[in-house]
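Each chain is listed here by its residues.
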There are 4 protein chains.
Amino acid sequence: MIIVIKPQTPTMEIDRIVNELSQYPVSIERLQGKYKVVIGLVGETNSINLDNIQQISSCIEQVIRVKQPFKRASLEYRFGEPSEIAVSTPNGIVTFGQNHPLVVVAGPCSVENEEMIVETAQVVKAAGGKFLRGGAYKPRTSPYAFQGHGESALHLLAKAREATGLGIITEVMDTSDLEVVAEVADVVQIGARNMQNFSLLKKAGATGKPILLKRGMSATIEEWLMAAEYILASGNPNVILCERGIRNFDRQYTRNTLDLSVVPVLRTLTHLPIMIDPSHATGYSQYVPTMAKAAIAVGTDALMIEVHPNPSSALCDGPQSLTPADFVELMQEIHPLAQYFGRGKV
Amino acid sequence: MIIVIKPQTPTMEIDRIVNELSQYPVSIERLQGKYKVVIGLVGETNSINLDNIQQISSCIEQVIRVKQPFKRASLEYRFGEPSEIAVSTPNGIVTFGQNHPLVVVAGPCSVENEEMIVETAQVVKAAGGKFLRGGAYKPRTSPYAFQGHGESALHLLAKAREATGLGIITEVMDTSDLEVVAEVADVVQIGARNMQNFSLLKKAGATGKPILLKRGMSATIEEWLMAAEYILASGNPNVILCERGIRNFDRQYTRNTLDLSVVPVLRTLTHLPIMIDPSHATGYSQYVPTMAKAAIAVGTDALMIEVHPNPSSALCDGPQSLTPADFVELMQEIHPLAQYFGRGKV
Amino acid sequence: MIIVIKPQTPTMEIDRIVNELSQYPVSIERLQGKYKVVIGLVGETNSINLDNIQQISSCIEQVIRVKQPFKRASLEYRFGEPSEIAVSTPNGIVTFGQNHPLVVVAGPCSVENEEMIVETAQVVKAAGGKFLRGGAYKPRTSPYAFQGHGESALHLLAKAREATGLGIITEVMDTSDLEVVAEVADVVQIGARNMQNFSLLKKAGATGKPILLKRGMSATIEEWLMAAEYILASGNPNVILCERGIRNFDRQYTRNTLDLSVVPVLRTLTHLPIMIDPSHATGYSQYVPTMAKAAIAVGTDALMIEVHPNPSSALCDGPQSLTPADFVELMQEIHPLAQYFGRGKV
Amino acid sequence: MIIVIKPQTPTMEIDRIVNELSQYPVSIERLQGKYKVVIGLVGETNSINLDNIQQISSCIEQVIRVKQPFKRASLEYRFGEPSEIAVSTPNGIVTFGQNHPLVVVAGPCSVENEEMIVETAQVVKAAGGKFLRGGAYKPRTSPYAFQGHGESALHLLAKAREATGLGIITEVMDTSDLEVVAEVADVVQIGARNMQNFSLLKKAGATGKPILLKRGMSATIEEWLMAAEYILASGNPNVILCERGIRNFDRQYTRNTLDLSVVPVLRTLTHLPIMIDPSHATGYSQYVPTMAKAAIAVGTDALMIEVHPNPSSALCDGPQSLTPADFVELMQEIHPLAQYFGRGKV
């Protein structure tokens, strides 16, 4: 349930309203939008009478029940106003959101050694990327495949951050690694295979770090938003949704199917920012640039692109990684296209 | 197997080569590309020795086996050169192909009456569309739903064609209707549900009319190209592939999942032109403009958009139809975007 | 809408009721169940007042609206009583239905020559099968693959029928072949790829022959029943539903996924008999016996099993065909198992 | 790679062979089968010459490379001999395996209170079940839904174990709960949503407890076996695979699609025992008995059935839970059917 406060309502009156609401057995959140303050109530709101709430104050403009099962993630919960997730990086604050420039995140599948991660970070930086991605802990189908260098890779990410000023996005797979990951990561990633690892969602949310939540391989949009709700319900409002391709009956030519229509659909359902990962979605570097451009055309807020200094020798996901040269070329196409769609100055 | 002929080879020598080839138990096709002549052999080519072919003439540049199961549809079969499908309409020839402007096809799900179809055609024409779509025979899930006005609707399409000069695209569902449909249609559509109706593919191909082949609901890319191969094998080289969304596990917010990555994938596999239908793919008019723009970004050759004078009273598929006003607005966005991607003058 | 007539109502009174109903703009069907007569009304029944119908006669026990979109196929339409489809074969009448013994249909994918089809028919007959299956017209993914021997194969099926007394089930793919197919076939099959070939459904239905309707590769249960409804609405009550595996994300070890839970689900939705085809579902003969037994455990009314005298040289679908010896062995397991589940005397 | 030792080879010679093998950079496992000893080598075996191994001893019968990506899970790894997983319960040892009676696991979705869990356990015991299932930690789509009573529920499971002598199967969701769960559980369950939570797989494996590994919602068979391989590679040979329905395009009538053909397929790929969970697969209690019987027909080694004293008031998954009366009735059908298929004395 949300309570929309009239513009120019004095803070003291809002405080009074919140205080009155504390008699109800619900959790209360106060959201400062651009134009309006909205108070969100989550919990057993079915038994609350709308009129009783309305009568608390003449400064209440409207009281609305959120019908979606995802409450805090719903567009109604912010009264239609998109979230802005501002992440502080050495190079300055980068904001994810519909009214902000497209953010490009790039880097290798996994952190292999200092040279390669710093070198890649420099390429990403020079081409206009804002964040470096790189896996320290890698979810691999086979226990015999390279599992990531773990904690030592986190230190290398910190070095690349220092060297370039880029923000760091890296994945956490185990609640017991959360602390060390959150120390280095500016944005903590939860991967597709862990989208419904609810323990991880709760505890990652509780770190307070912005969370990049990848869509599960066959997760419905509602399940995905409910997973985001776990993080939001832990008190962390900073969730970025990342589409990375869904599983399908045809896997001969692409690894997954990039579901770009989630972007216009999510815009009608949620205020959360959206990222598109064409690298994992297609699985082949040759298709990445085309799908990256399509993602801009549907209005994504951010892109995640895999880049590797030498894809053919990559320890994982080489076939889907762009070379530095291809990445630079793509960025040269992305800049004017983002501009064209009003999302320029990447 | 294809035989690439050297540039400037005299026609007489090509005739001689073709004549020599006629000893083999295969079907022979001569394809005049922009720069080169290519001779295609389809049939029991496994037993043919490449060297023997090479020795037929010093004007043979190269002999290549097509490894794909789709032979005539393969990119190799035209030695990498995209097909151009030129369709004659009262307003002039419209060409579908990678080196031609984006073609927009629009119109209602079904032809309801003369006034609505002519009126819609005029909107489509004025906004820059080149073809009118409209169903005379409608494949409906329920036998009790409106099945289309049949032959009388074909006459109305002819009237709309006369009134506007637009080409006509309409669906055929039964081999016994092929003759009457082919009389009116400039492009004959085979629907998703009939993509593997092989009798229809063969006989529709044999009419010689250009065929718009929609992808089946859960057809793999290979199955789709094999369906196209049925038409090509019937001697008809004019096939346009139309992606209209595939079936998925999540159907709560969209009717199907628009698989836009088929465009870059198909470019590596086939020379055939591609159309995208965002209306059937999403099922909701509000998502159509966004996905139409994404389709242009991935490089589609054509778009199919549903437009209805009054969607809420449409006899079928109202929710996915744009109003004339919305269509005009979309076209105003499409023109410069196609221009941006080098596919302008729609 | 259905009207349940009280037991012992005189025929004359039923005639009068039907006559009264003829004032409504609906189609009327009179169904003689085991214990009761039920009158079905299909069409614009929303505007009909239930009370008005009730008042037509005191012999009307109940008036019920069918809420499902499939009317004639719904269980309510026969007031819960399962259909019985009696097919006349030279060896006598074979009945498909829940209160009848399991019916086994077997034979090769396609009719290759007289010897093989007659020989296979004899094996099927000897082992207790009631119908011979065999394709004259084959829906093949590739236009270059064997397409079936067509009309001449129909003659061979007639010979096999004559030689063994088995009934014949064979597929029709084109409305223009319906007449010749219906002449030989005791049951006409509509394949998975044509499940929504609505023209074929209507015209095949109109032949009056029993129809075996295979489930489409990715057809929902509702779409499948709506396809059956097309046949029922054409005035033909004899439809057998055949599950043959659905398309899925994992096709590495089986061709399709056999969805056996359709059997208990369909029992709650429809009165139509059910057949299971484990051969197409799994795609590998080694899995067929196990899945055939599971099909009996879920209560299927019939089984369709591919058998070929020499699977490794079969012109199509060899890998999924049992050898005659394996088929005989399977039938020896099937007989007592059907008995165990009260569906014996196969 | 596996090394099959000839029967009657003296232990000392086997020791010598193992010792010789220790020069190779691989991990070595010695498996005592019913008739033969097999030595498994996992790691960089590509560089090992088969002949060199063969020459180590004349007591080596055969050296075989395992081609599957899952090594320890492969059937070859145990030279075709099925695993037997013996679990000690207060009522005695219960063994999961192809040559053992069907094992029935039953209980509620979640442990709600002492009375209900003990009462249900008594019903399960009386009807012939060997294990009690019951969730302490529940993976729920919504953060606002009941999440399980956690550690206190584990104590209640221990009480039910004490009261009835049944073994306990319960799910772990977080590596940090592993210790407390492993203290109570006789078999630790990893749920479908965590099938590729690789950290959990490794650490759960390392507890040494038998692990029940549910198939992920859209996991391929190979991915599932690779997940099992994570547990096996952690040194724990006791993995039971549980099919619980896969995600599909049609979710109108069942929650998931029970993929029963995995049973015959897995028999050709792995030695691990198999459990079928018809409750989660179908999602509706009315379909559970039929599918349970089908599972026995395909040869499952175990069944997992949800039972709740009062399904309509269950805190989760009520619609798919059998009442005690229905469970007892089902068990009365299961006993003779398991007997029929040679898996009796449940």
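All figures in this text were calculated on a predicted structure; none of them were measured in a lab.

A closer look at helix H1 (residues 11-21) of chain D
An α-helix turns once every 3.6 residues. As a result, residues three or four positions apart point the same way. Residue and element names in this part refer to chain D. All of the buried residues along H1 are Glu13, Ile14, Ile17 and Leu21. Looking straight down H1, one finds that the buried residues subtend no more than 100 degrees of arc, so they occupy a single side. Counted as exposed and oriented over 90 degrees from the buried face of H1: Thr11, Met12 and Asn19. If you follow the buried residues of H1, they end up packed against strand E1 (2-5), strand E2 (26-32), strand E3 (37-43), helix H2 (50-54) and strand E4 (60-64).

Structural notes on the relation of the copies chain D and chain A
Aligned on chain A, chain D shows an RMSD of 0.0 Å; the corresponding rotation is 180 degrees and the shift along the axis is 0.0 Å. The symmetry that links the two subunits is that of a two-fold axis. A shared binding surface is used by both copies, with 100% of the interface residues of chain D retained as interface residues in chain A.

Here's the deal with the domain arrangement of chain A
When the domains of chain A are assigned, the result is domain 1 (2-65) and domain 2 (85-340). Computed over C-alpha atoms, the centres of domain 1 of chain A and domain 2 of chain A are 36 Å apart.

Considerations on the packing of helix H3 (residues 114-127) of chain C against helix H4 (residues 151-164) of chain C
Relative placement of two packed helices is described by the angle separating their axes and the distance separating the axes. All names here are of chain C. Relative orientation of the contacting elements H3 and H4 amounts to 35 degrees, with a least axis distance of 9 Å. Crossing of H3 against H4: the hand is right-handed. When H3 is examined against H4, the residues Glu114, Ile117, Val118, Ala121, Gln122 and Lys125 are found in contact with a partner set consisting of Leu156, Leu157, Lys159, Ala160, Ala163 and Thr164. Residue composition of the contact of H3 with H4, by class: seven nonpolar, two polar and three charged.

Notes on the state of the cysteines
Residue and element names in this part refer to chain A. A complete count under the given rule lists four disulfides over all chains for this structure. One disulfide in the model links Cys109 with Cys316; its S-S distance is 2.3 Å. Taking the torsion about the S-S bond as the criterion, the Cys109 to Cys316 disulfide, at about -100 degrees, is left-handed. Residue Cys109 is located in the loop between strand E7 (103-107) and helix H3 (114-127), and its partner Cys316 is located in the loop between strand E14 (302-306) and helix H11 (324-340); the two are separated by 207 residues in the primary sequence. Since its relative accessible area comes to 3%, Cys109 is described here as buried. Its relative accessible area of 5% is what places Cys316 among the buried residues.

Comments concerning the relation of the copies chain B and chain A
Note on the copies: chain B fits chain A at an RMSD of 0.0 Å, the axial shift is 0.0 Å, and the rotation between them is 180 degrees. Take the interface residues of chain B: 100% of them recur as interface residues in chain A, which is what a same-surface contact looks like.

Brief notes about the interface of chain D and chain A
Often, the extent of an interface is quoted as the loss of accessible area upon association of its parts. Facing 34 residues of chain D, the contacting portion of chain A comprises 34 residues. With both sides pooled, the region where chain D packs onto chain A buries about 2800 Å², and carbon together with sulfur makes up 48% of that total. There are four salt bridges connecting chain D and chain A. As a salt-bridge pair, Lys203(D) and Asp174(A) come within 2.8 Å of each other at their nearest N and O atoms. At the junction of chain D with chain A, the criterion picks out 25 residue pairs in polar contact (both at pLDDT 80 or more). Broken down by secondary-structure element, the contributors of at least two residues to the side of chain D that touches chain A are helix H6 (198-206) and helix H7 (221-233) of chain D. Among the elements that make up the side of chain D that touches chain A, the one with the highest residue count is H7(D) (five residues). A breakdown of the residues in the side of chain D that touches chain A according to their chemical character gives twelve nonpolar, eleven polar and eleven charged.

Let's talk about the pattern of salt bridges
Considering all chains together, one arrives at 68 salt bridges over all chains under this definition. Residue Arg78(A) is joined to Glu81(A) by a salt bridge in which the shortest nitrogen-to-oxygen separation is 3.6 Å. The closest approach of N and O atoms between Lys214(D) and Asp277(D), which form a salt bridge, is 2.6 Å. Taken together, the positions of Lys214(D) in strand E11 (residues 211-214) and Asp277(D) in the loop between strand E13 (274-276) and helix H9 (278-282) put the pair 63 residues apart, joining distant regions of the chain.

Here we look at helix H10 (residues 288-297) of chain C
Among the ten residues of H10(C), nine are classified as buried, and the element is accordingly described as predominantly covered. Looking only at H10(C), the buried set comprises Val288(C), Thr290(C), Met291(C), Ala292(C), Lys293(C), Ala294(C), Ala295(C), Ile296(C) and Ala297(C). Residues of H10(C) that are buried sit in contact with strand E13 (274-276), helix H9 (278-282), strand E14 (302-306) and helix H11 (324-340) of chain C together with helix H8 (262-269) and helix H10 (288-297) of chain D. Following H10(C) by one or two positions, Gly299(C) has its phi on the positive side, about 95 degrees.

Some words on the packing of aromatic side chains
Under the criterion given, the structure shown has 18 aromatic pairs over all chains. Ring centres of Phe198(A) and Tyr230(A) lie 4.5 Å apart, and the angle between their planes is 25 degrees; on these two criteria the pair is classed as stacked. Placement of Phe198(A) in helix H6 (residues 198-206) and of Tyr230(A) in helix H7 (residues 221-233) is noted, with a sequence separation of 32 residues between them. In this pair, the class of Phe198(A) matches that of Tyr230(A), namely buried. Within the aromatic cluster, the residues linked to one another by ring pairs are Tyr340(A), Phe341(A), Tyr340(B) and Phe341(B).

Here's the deal with the pairing of strand E5 (residues 85-89) of chain D
Residues of E5(D) alternate between two faces, with Ile85(D), Val87(D) and Thr89(D) buried on one and Ala86(D) and Ser88(D) left unburied on the opposite face. As consecutive antiparallel partners, E5(D) and strand E6 (residues 92-96) of chain D are separated by two residues.

Some thoughts on the sheet that holds strand E4 (residues 60-64) of chain C
Sheets are built from strands paired through backbone hydrogen bonds, the pairs being either parallel or antiparallel. Residues and elements named next belong to chain C. Ordered by their spatial adjacency, four strands build an open sheet running E2-E3-E1-E4, and the pairing between neighbours is antiparallel. Sheet topology places strand E2 (26-32) and E4 at the edges, where each strand pairs with a single neighbour. If you compare each strand with its neighbour and ignore which way they point, the axes differ by 15 degrees on average. Bridge count for strand E1 (residues 2-5) against strand E3 (residues 37-43) is three bridges, and the pairing is antiparallel. Bridge pairing in E3 places Val4 opposite Val38.

About the criteria used
- Residues numbered from 1 in each chain as written.
- Chains lettered and ligands numbered in written order.
- Predicted model: local features only at pLDDT ≥ 70, side-chain atom pairs only at ≥ 80, totals over all residues.
- Heavy atoms only, no water.
- Buried < 20%, exposed > 50% of the residue type's maximum accessible area, 1.4 Å probe, protein only.
- Helix = DSSP H or I, 4+ residues; strand = E, 2+ residues; numbered from the N terminus.
- Arc of directions from axis to C-beta.
- Contact = heavy atoms within 4.5 Å.
- Least-squares fit on C-alpha atoms with pLDDT ≥ 70 in both.
- Domains from an automatic or database assignment.
- Axes fitted to C-alpha atoms, helices over the stretch in contact; angles between N-to-C directions.
- Left-handed = near helix turned anticlockwise from the far one by under 90°.
- Nonpolar A, V, L, I, M, F, W, Y, C, P; charged D, E, K, R; others polar.
- Disulfide = S-S within 2.5 Å.
- Buried area = accessible area lost by both parts, 1.4 Å probe.
- Salt bridge = Lys/Arg side-chain N within 4 Å of Asp/Glu carboxyl O.
- Polar contact = N/O pair within 3.5 Å; in protein donor to acceptor, adjacent residues only side chain to side chain.
- Phe/Tyr/Trp six-rings, centres within 6.5 Å; stacked < 30°, edge-to-face > 60°.
- Pairing = 2+ DSSP bridges.

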